[in-house]
Structure formats: structure tokens, C-alpha cells
Amino acid sequence: MASRGGGRGRGRGQLTFNVEAVGIGKGDALPPPTLQPSPLFPPLEFYPVPLPSGEEGEYVLALKQELRGAMRQLPYFIRPAVPKRDVERYSDKYQMSGPVDNAIDWNPDWRRLPRELKIRVRKLQKEREYIWKNGRREEVTKDCLPPLALLLSPHNLRESQLLFHQEYSLQSKLQQEGKAQAWNDVMERKETDYIMSYFDNGEDFGGDSDDNMDEAIY
Amino acid sequence: MTQAEIKLCSLLLQEHFGEIVEKIGVHLIRTGSQPLRVIAHDTGTSLDQVKKALCVLIQHNLVTYQVHKRGVVEYEAQCSRVLRMLRYPRYIYTSKTLYSDTGELIVEELLLNGKMTMSAVVKKVADRLTETMEDGKTMDYAEVSNTFVRLADTHFVQRCPLVPATENSDPGPPPPAPTLVINEKDMYLVPKLSLIGKGKRRRSSEEDAAGEPKAKRLKHTTENKEPIPDDGIYWQANLDRFHQHFRDQTIVSAVANRMDQTSSEIVRTMLRMSEITTPSCAPFTQPLSSNEIFRSLPVGYNISKQVLDQYLTLLADDPLEFVGKSGDSGGGMYVINLHKALASLATATLESVVQERFGSRCARIFRLVLQKKHLEQKQVEDFAMIPAKEAKDMLYKMLSENFISLQEIPKTPDHAPSRTFYLYTVNILSAARMLLHRCYKSIANLIERRQFETKENKRLLEKSQRVEAIIASMQATGAEEEQLQEIEEMITAPERQQLETLKRNVNKLDASEIQVDETIFLLESYIESTMKR
């Protein structure tokens, strides 16, 4: 259009409204143009008013921090699954593990919730050992152990490998904490006779920084 | 929902419920009502995780569901309810001031767990109180029940909507989700329970190390299925009632600041009398006669009837119009103008913000424009008695931050700029909304900064926690002073310094959050009250 042209034609510098009405008098210097965005933290002209202190303020503050900590410990806090480690380790079986099979830690009242939200918990089946004998699967009881030759037959080997993998995949599917709580040495969880630090992998050794240390590490 | 609100909701959900719940919650807030499979597909999380997250959110009253046609259940998130999570400490502190420790713990349990049955609450609170009491003493269930009943009578806790009892003649398969109903009359009805028992102290770890391992003990307690007498009747904290209480408190303290203690007591009495009779969103309370007020004054106050009348007249004549006179019967009928009170409080907040941000001369101009409603540039300079250049500068600063707005009044029908009046004015409602939006942003910033500070020093925090745990366990087993000294020296002096600084900063940030939340409450109440008129 003819009136365009980069604002260099007639009437350059005119605005659509009467500038005096807004308070800029004739001949007054306009403020310099802004060439960059305003700073991220503009300088504070006036110092902010101090926060209210006193018994009430401190109590509410302590309450808030306590609540934050408490809510992290409740079963409602859902931790994301820790990504699978590179190699499955024996100690994984005895480390802390989350709820079985994605079930919920707490029991909501299922009558109040839509039916589709109910998560069916697969009860861990009683582990029965099966073996292939004469083309049929038979249960192995403790009294009569099958001979070694039968155990080493290809079908049974495959079965046992499958079971082995199944157990490990189940364990790694269980949500694990990032690291077993370091000082939780009390015997618990899997009814073992060993304290938790027995199952320490050794992966966490040497992770802390070594400043303030005069001697070398061997 | 504005971006600032969504961001704040996301931070709150993440802090209190973890990342999975946060993802689902924020998705629902952003997109509105959605069925289960769509949520799973859009967020890319597994169906099981979504189900877990939804269970948690529904339990805490943050998400509601609705059955649509063809049996599809849709879930909707309540953004404003998520923002209430900031106020939990204030609710708990209020119940402590009103009903002491027992009330505090009851409300805390209800808020932490979303909804609970009365028997469960009573049992848990009794156990917790017993922990803190001296050896040998236990907390009786009856006392806790009494406090619970009092909380229900004053409407601080209410029943959740119930699953309707289905008759046996219901044909067809059960519905995919229950439709919960609640009868107004039954909302505060406490079921007749005979809860007899005492709080149990949690056995210390030494005792059960010798006994069965913990895993077996847990199984025992879950198999202990006694029929619960109030099964299905769940209670939740009534946040609206708490808000009403906060509002009343603010009005009373405003009157105390403006006038004196006695007038604030009178206003407090009037508010207390209209607590249950007036709905919380009414613009003014029911009219109360001066005789009624006189009879309901607290026992310690012996002011004569004439003095009371004088105070009431004084309050009614005050330009702030907190109290209004609505009639002359019964010695004078007085109401409290709740809406006007909230408007004055919001205006005072705005004035205070302008003063602290821009200085007292700006505040003078702001108050001037508020009072005179519309002013031209020249008039502002004259009335405020501030030189033109500075007045112009200040007005533009406030204009750029949207505290003040320009109103155009054309002289001619063609709206020619040279023949138009430009008037400065303050639109309280829009300025309040703008300030509220800023508050949401600032709380989000505060939370982010706090999380950043904590993450920076995570290693140091963990180390200090471990050292404390060691010291505690060593003290329990009886160690010598030197050993304790040695362990304490594991944290060096500069590290201690760092920890101190961190603690101070985190406390300051937390206290700021609480403070900003108070402003949010005022502004939200004002906006809500204006919208409901």
C-alpha cells in the first residue's frame, strides 16, 4: 500500500491519539526505546516486608514441613518404577520391593469406585514343581525325587529355564526403591537370617566424594 | 484453567503424590473430562498405573467420576481443590486453636487420607495421642469421639456422599460406577457408635525382634476382619466451613485494627450468631436485633445496653460499611455486609501491594484514583500534589502492571483521539484477578526454588540424616561422650554452615508460601463473592 514504506513517509512519528491527553507535553523527551527484553530479575527498589514471625507462624511452618514429609511416606505416594538394572543380581531378591503386581498398598472402598478401576491381584500361586514324565506333566513331591536323567531331558530343562526367567522377570517388574534405605538393617521382608547389608552389592561403594581426605584410597 | 494454575497444581501433586499421579492429574486438568482408556493412551502410561493414580486422586476428592451413556465412565479433575492443598497447614492449625490437640489430629488424619470412617479416625487418633503421652497413660476412645462429634456439630467435618443402598429387585448387571448421593439433612449426622477402647502404644522394636518377624504380624492384622459398625459412612473435612471461619477471623481483626477491641468483640458475636443460619456465600448475614446481640455477648463482657447501642451505631456509620442497619425493630436490626467487607479487604490488599512495590507516593495516587473513580491526567497531578513528570511516570508504571486502567470517553461519535477523554480508573475486580494470577505464579516460583535448593544440597542432607541416625542409635544403646563427639565431627564446620544456610532459606521460602496463600484466600473469596451476586 502506498502509505506503507517503513514509516519513513509523511506523518512519521505521529500516533493515533492526542499525546497531550495522556500527559506527554509538546517538546517533552520521549523515553528511550527498549532494545532488549526486561531483565530476568529487575532491581528491587523497595525491600520486601519481613515475614510474620512468632509462635503461630513457626508452628504453621513446622506443620507444613512435617506434612510434606508425612505425605511422602503414606501409601498414596506412588513412586515410579525404577528402570531395570543392567544385570539381574542375586541380591535383588532381598532388596526392598514395592507392591506386588502393581496392586495398591492401601485398601480403598471398592464399592465407591467405578468397577473398571479395580486391579486384580494375581495371588502368587503356590509353587508347585512339575516335571515331564512319559509325555505328561506330573507333580513332583518331596518324597520321590526323579532321577537325574529325567531331569536333564530336554523338555524339563526348557521348563526349568522358563521358570528361572519368569521368577527373575517378576522380581524386576516389582517396583524397587532406588536404593535400599541405608540404615535399615533390621531383619525383615523375605524372612532371611541375614541383615540387609549382607545383600549389599558393593555398587554404592566409593560414590561419595573424597574431599577432606588426606590419605589415598587403595 | 490458566497456565499458572496448572503449573502450580502440577508442582503440588508431584510433591505430595509423586510423578505418576502428577502426570495423570495435570492431564485431566488440562483436557477436562475423559474416560480411562483415553487417559492411558494420551499420557502414555500403562493402564495399571493410571488406575492406581485415579484411585488415589478420587480418594482425596481431587477427581470425580460420572457415568455417561453406554456405560462409559468419565473422570474430571477439580483444579481449585488441588490448590487447596496449600492451605492444609492452616486448616490443621485452626482446628488446633478451636479443639486442641485431639481436634488437630482428627482434621490432620482426614486431610491426609482424603476420607475415612469415624471409627478408623478415632482409633488412629487415639493411638497417636497415646504415643505422645507419658508411659502408662492411654487415650480413651470416648474423648476422641466427643471431639469428633463436636467437629461434626459445628460443620467442620461432613459426610461424603454415600453409595445408595440397592434393593434386591434391581434388574440387570450392576452399573459400572455407583452414583453417590447425599442428603442435606444427613450431612452432619454422626452415626451412633459405641466405640469403647483405649489407644494402643506402638510396641518398640526391641520387643518384637524377639517375637515373630514383622511380615507375619502384618498378615495377622489384615485378617482381623471385625464387622465395622459404620461401614460405608465416610467423613471428609469441610473446607468451606474453614474458609468461612477464616473470613470471619479476618473481618474481626480488621475491625479491631480500625476501631477497638470491644467493637471487634461485638462483630465476632454477631458473626458467631449467624454461623449456621447464613449460607457462606450470602452477601450479608441475617438481621440481628440489638437485644439479641446484647444477650449473646460473651460472659466476661459487661458493657451496658446503651454502650452497645452506641458501638453499633458507630459501626454502622463507619465509611467501610462492615456493619449496616437494616431496620429499627428490637432496638435496631443490624447486619454484617459480608460482600462489602470482602471488597474492602481486597482493596486494602491491592493498596498494600502498590505501596510495597512502587512506594508511598504511588500508593497515594492509587488511593486517589480509587476514591474518585475516574480522573484525568491533569486532575491526578492536581489532587495528589505531585509534580507532573513524576505523576506521569508513576501512573504509567502502574498502568503497565495493570493496577490502573484507561477508560476512553469520546466526545464525538467518530472517536477521534484528539477529541477523546482518557480517564484513569481502577477496576477492582480485574485488578484482583490480575493479582491472584501473580500470586499463583509466585507460589510456583517459590516451590521450584525450594526444590532446587534441596536438590543442590541433596548429598549433604543425606549425609547429615545418616549421622543423626547413627547418633540416635548409639545413644539408645548407651555410648560415651567421645564416641558421640567423633561421629558429630564427621560433618565439618563449613558443611554445618552450608546446612544452616539451607535450612534458613528453606524456612523462609516455606513461610513465604504460607503468606502468599493467605493473600490468595482473600482475593479468591472476594472474586467468588462478587461472581455469586
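Residues numbered from 1 in each chain as written. Chains lettered and ligands numbered in written order. Predicted model: local features only at pLDDT ≥ 70, side-chain atom pairs only at ≥ 80, totals over all residues. Heavy atoms only, no water.

Description of the UniProt feature "domain: DNA-directed RNA polymerase III subunit RPC3 winged-helix" (unreviewed entry) in chain B
For step 1, the next point in the chain: As annotated in UniProt, the feature "domain: DNA-directed RNA polymerase III subunit RPC3 winged-helix" (unreviewed entry) corresponds to residues 350-426 of chain B in the numbering used here.
For step 2, the next point in the chain: Here residues 350-426 of chain B is 56% helix and 18% strand, with 10 Å between the C-alpha atoms at its ends. (UniProt positions renumbered as here; feature names shortened; annotations may be inferred. Helix = DSSP H or I, 4+ residues; strand = E, 2+ residues; numbered from the N terminus.)

Quick word on the packing of aromatic side chains
For any pair of aromatic rings, the description rests on two quantities: the centre-to-centre distance and the angle between the ring planes.
Residues and elements named next belong to chain B.
For step 1, the next point in the chain: In total, this model carries 10 aromatic pairs over all chains according to the counting rule given.
For step 2, the next point in the chain: Measuring from centroid to centroid gives 5.9 Å for Phe-358 and Phe-403, while their planes differ by 85°, and the two rings are edge-to-face. Here Phe-358, found in helix 15 (residues 338-358), pairs with Phe-403, found in the loop between helix 18 (388-400) and strand 11 (405-410); they are 45 residues apart in sequence, far enough to count as distant.
For step 3, the next point in the chain: By relative accessible area, which is 9% here, Phe-358 ends up buried.
For step 4, the next point in the chain: Judged by its relative accessible area of 1%, Phe-403 falls in the buried class.
For step 5, the next point in the chain: For the ring pair Phe-366 and Phe-403, a centre distance of 6.5 Å and an interplane angle of 90° mean the geometry is edge-to-face. Of this pair, Phe-366 sits in helix 16 (residues 360-372) while Phe-403 is found in the loop between helix 18 and strand 11, placing the two residues 37 residues apart along the sequence.
For step 6, the next point in the chain: By relative accessible area, Phe-366 is classed as buried at 0%.
For step 7, the next point in the chain: Feature note: the residues Tyr-88, Tyr-91, Tyr-99, Phe-156, Phe-242, Phe-246 and Phe-521 constitute an aromatic cluster, connected by ring pairs.
For step 8, the next point in the chain: One residue, Arg-90, lies across the ring of Phe-246, its end atom 4.0 Å from the ring centre. (Phe/Tyr/Trp six-rings, centres within 6.5 Å; stacked < 30°, edge-to-face > 60°. Buried < 20%, exposed > 50% of the residue type's maximum accessible area, 1.4 Å probe, protein only. Lys NZ or Arg CZ within 6 Å of the ring centre and 35° of its normal.)

With respect to helix 20 (residues 458-476) of chain B
Residues and elements named next belong to chain B.
For step 1, the next point in the chain: Spanning 19 residues, helix 20 covers 27 Å between terminal C-alpha atoms, matching the ideal 27 Å at 1.5 Å per step.
For step 2, the next point in the chain: Within helix 20, the full set of buried residues consists of Leu-460, Lys-463, Ser-464, Val-467, Ile-470, Ile-471 and Met-474. Viewed end-on, helix 20 has its buried residues packed into an arc of 120°, placing them on one side of the element. Summarising the geometry of helix 20, the exposed residues directed more than 90 degrees from the buried face are Gln-465, Glu-468 and Ala-476. (Expected span 1.5 Å × (residues − 1). Arc of directions from axis to C-beta.)

Observations concerning a negative patch on the surface
For step 1, the next point in the chain: A surface patch of like charges, here negative, comprises Glu-480, Glu-481, Glu-482, Glu-486, Glu-488 and Glu-489 of chain B.
For step 2, the next point in the chain: By the element assignment, Glu-481 of chain B lies in helix 21 (residues 481-488). (Patch = residues over 30% accessible without salt bridge, like charges linked within 9 Å, V, L, I, M, F, W, Y side chains within 5 Å. Areas by Shrake-Rupley, 256 points an atom, 1.4 Å probe, with all protein chains shown as cover. Salt bridge = Lys/Arg side-chain N within 4 Å of Asp/Glu carboxyl O. Lys, Arg positive; Asp, Glu negative; His and termini not counted. Charge placed at Lys NZ, Arg CZ, Asp CG, Glu CD.)

Re the interface of chain B and chain A
For step 1, the next point in the chain: Facing 73 residues of chain B, the contacting portion of chain A comprises 54 residues.
For step 2, the next point in the chain: Each partner contributes to the roughly 6,000 Å² buried at the junction of chain B and chain A, and carbon and sulfur atoms together form 61% of this total.
For step 3, the next point in the chain: Where chain B touches chain A, the interface holds 3 salt bridges.
For step 4, the next point in the chain: With its nearest N and O atoms 2.6 Å apart, the salt bridge here joins Glu-513 of chain B to Lys-64 of chain A.
For step 5, the next point in the chain: At the boundary of chain B and chain A, one finds 12 residue pairs in polar contact (both at pLDDT 80 or more).
For step 6, the next point in the chain: Take the side of chain B that touches chain A: its biggest share by element is 10 residues, from helix 4 (residues 47-59) of chain B.
For step 7, the next point in the chain: Among the residues forming the side of chain B that touches chain A, the class breakdown is 38 nonpolar, 15 polar and 20 charged. (Contact = heavy atoms within 4.5 Å. Buried area = accessible area lost by both parts, 1.4 Å probe. Polar contact = N/O pair within 3.5 Å; in protein donor to acceptor, adjacent residues only side chain to side chain. Nonpolar A, V, L, I, M, F, W, Y, C, P; charged D, E, K, R; others polar.)

Some remarks on the packing of helix 2 (residues 55-73) of chain A against helix 22 (residues 493-532) of chain B
For step 1, the next point in the chain: Packing of helix 2 of chain A against helix 22 of chain B leaves a shortest axis separation of 10 Å and a crossing angle of 100°. Between helix 2 of chain A and helix 22 of chain B, the crossing angle belongs to the class labelled roughly perpendicular. Every residue of helix 22 of chain B that contacts helix 2 of chain A at Val-60, Leu-61, Lys-64, Gln-65 and Arg-68 of chain A is listed here: Val-506, Asn-507, Asp-510, Ala-511, Glu-513 and Ile-514 of chain B.
For step 2, the next point in the chain: Partitioned by chemical class, the residues of the contact of helix 2 of chain A with helix 22 of chain B number 5 nonpolar, 2 polar and 4 charged. (Axes fitted to C-alpha atoms, helices over the stretch in contact; angles between N-to-C directions. Parallel < 35°, antiparallel > 145°, perpendicular 65-115°, else oblique.)

A few points about the sheet that holds strand 8 (residues 323-327) of chain B
Residue and element names in this part refer to chain B.
For step 1, the next point in the chain: An order of 7-9-8 is seen for the 3 strands of this open sheet, with the pairing classed as antiparallel. The sheet is open, and its two borders are formed by strand 7 (288-289) and strand 8, each paired with just one other strand.
For step 2, the next point in the chain: Of the strand pairs in this sheet, strand 7 and strand 9 (residues 333-336) are connected by 2 bridges, and their pairing is antiparallel. Residue pairing in the sheet places Ser-289 in a bridge with Met-333 of strand 9. (Pairing = 2+ DSSP bridges.)

Re the environment of Gly-54 of chain A
Residues and elements named next belong to chain A.
For step 1, the next point in the chain: Examined against the element boundaries, Gly-54 turns out to sit in the loop between helix 1 (19-22) and helix 2.
For step 2, the next point in the chain: Given a relative accessible area of 30%, Gly-54 falls into the partly exposed group.
For step 3, the next point in the chain: On a C-alpha basis, the gap between Gly-54 and Leu-117 in space is 47 Å, while along the polypeptide they are 63 residues apart.

Concerning the confidence of the model for chain B
Residues and elements named next belong to chain B.
For step 1, the next point in the chain: On average, residues of chain B score 85 in pLDDT, and 90% of them reach the 70 mark or higher.
For step 2, the next point in the chain: The element-level mean pLDDT for chain B is lowest in helix 9 (residues 205-210), coming to 36, with helix 19 (residues 428-456) highest at 95.
For step 3, the next point in the chain: For the stretch residues 168-172, pLDDT sits under 50, and the model shows 0 contacts to residues farther than four places along the chain or on other chains.
For step 4, the next point in the chain: Here residues 204-225 is a poorly scored stretch, pLDDT under 50, and it has 8 contacts once near neighbours within four places are set aside; other chains count.
For step 5, the next point in the chain: Across the interfaces of the predicted complex, the ipTM metric reaches 0.83, alongside a pTM of 0.77. (pLDDT = per-residue confidence, 0-100.)

Points about the layout of surface pockets
For step 1, the next point in the chain: Estimated volume of the second largest pocket: approximately 2,800 Å³.
For step 2, the next point in the chain: Lining the second largest pocket are 44 residues; nearest its centre among them are Leu-44 and Pro-48 of chain A together with Arg-357, Arg-438 and Ser-442 of chain B.
For step 3, the next point in the chain: For the lining of the second largest pocket, the elements supplying multiple residues, two or more each, are helix 15, helix 18, helix 19 and helix 22 of chain B.
For step 4, the next point in the chain: Considering each element in turn, the lining of the second largest pocket owes the most residues, 11 residues, to helix 19 of chain B.
For step 5, the next point in the chain: By residue class, the composition of the lining of the second largest pocket is 22 nonpolar, 11 polar and 11 charged.
For step 6, the next point in the chain: Counting only domains with at least three residues in the lining of the second largest pocket, you end up with domain 4 (341-426) and domain 5 (431-530) of chain B. (1 Å grid on protein atoms, 1.4 Å probe; cavity = no way out; pocket = protein on both sides within 12 Å on 5 of 7 lines; lining within 4 Å. Points joined across faces, edges and corners; volume = space filled by probe spheres on them. Domains from an automatic or database assignment.)

Examining empty space enclosed by the protein
One water molecule sets the probe size; rolling that probe over the atoms shows where empty space is left.
For step 1, the next point in the chain: Inspection of every chain in the model, using the stated rule, returns 6 cavities of 30 Å³ or more.
For step 2, the next point in the chain: As a volume, the largest cavity reaches approximately 130 Å³.
For step 3, the next point in the chain: Considering the residues around the largest cavity, the lining is formed by 14 residues, among which Lys-64 and Leu-67 of chain A together with His-16, Met-85 and Pro-89 of chain B are closest to the centre.
For step 4, the next point in the chain: Mapped by element, the contributors of at least two residues to the lining of the largest cavity are helix 2 of chain A together with helix 1 (3-17), helix 6 (88-113) and helix 19 of chain B.
For step 5, the next point in the chain: Looking at the lining of the largest cavity, the element that brings in the most residues is helix 2 of chain A, giving 4 residues.
For step 6, the next point in the chain: The residue inventory of the lining of the largest cavity, partitioned by class, reads 8 nonpolar, 1 polar and 5 charged.

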